[in-house]
Amino acid sequence: VQLQASGGGLVQAGGSLRLSCAASGTIYGITTLEWYRQAPGKVRGLVAQITGGDSSTYYVDSVKGRFTISRDVAKNTVYLQMNSLKPEDTAVYYCRILAGGVAYWGKGTLVTVSS
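An account of the accompanying structure is given in this report.

Definitions and limits used
- Residues numbered from 1 in each chain as written.
- Predicted model: local features only at pLDDT ≥ 70, side-chain atom pairs only at ≥ 80, totals over all residues.
- Heavy atoms only, no water.
- Phe/Tyr/Trp six-rings, centres within 6.5 Å; stacked < 30°, edge-to-face > 60°.
- Helix = DSSP H or I, 4+ residues; strand = E, 2+ residues; numbered from the N terminus.
- Buried < 20%, exposed > 50% of the residue type's maximum accessible area, 1.4 Å probe, protein only.
- Lys NZ or Arg CZ within 6 Å of the ring centre and 35° of its normal.
- Contact = heavy atoms within 4.5 Å.

**Observations regarding the packing of aromatic side chains**
Here is step 1 of the chain: Applying the stated rule across the entire model yields two aromatic pairs.
Here is step 2 of the chain: Ring plane angle 55° and centroid distance 5.0 Å describe the contact between Y36 and W105, whose orientation is recorded as tilted. Here W105 lies in strand β10 (residues 102–107) and Y36 lies in strand β4 (residues 30–38), a separation of 69 residues in the sequence.
Here is step 3 of the chain: Relative accessible area serves as the criterion here: at 37%, W105 is assigned to the partly exposed category.
Here is step 4 of the chain: With centroids separated by 6.5 Å and ring planes inclined at 80°, the aromatic side chains of Y94 and W105 adopt a geometry described as edge-to-face. A residue pair is termed long-range when its members are at least 10 positions apart, and Y94 in strand β9 (residues 91–99) and W105 in strand β10 qualify at 11 residues.
Here is step 5 of the chain: One aromatic cluster is present, built from ring pairs that chain together Y36, Y94 and W105.
Here is step 6 of the chain: Sitting over the ring of Y94, R44 keeps its end group 3.6 Å from the ring centre.

**Topic: the side chain of R66**
Here is step 1 of the chain: Within the fold, R66 resides in the loop between β6 (57–59) and β7 (67–72).
Here is step 2 of the chain: Among the residues examined, R66 registers a relative accessible area of 9% and is labelled buried.
Here is step 3 of the chain: Setting aside residues up to four positions removed in sequence, R66 forms contacts with Q81, M82, N83, S84, L85, K86 and D89.

Written out as structure tokens, the structure is:
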């Protein structure tokens, strides 16, 4: 199974983007679906997470109230709605799915927020 992330681009501060991460097939036994980001010169870090069971969510403090993670089970897709974007949100965004002790990573999608 491969993950394909899309939806990145260039946006002005205050704007919105919606990232998508589609799996090429059904992944069984999902523990969590996650979005990470890596800014230039920085370590990749977790941005948001949604559990496979009850779809409870977690957000890093810097994006709380602005980003929303969701999933569409039928489409094998996880989304990240990003509103009120700030220049410091500029990064390559990666999706990850944890299932059965295996981590599936998507290739990143670049988000650039101009001031």
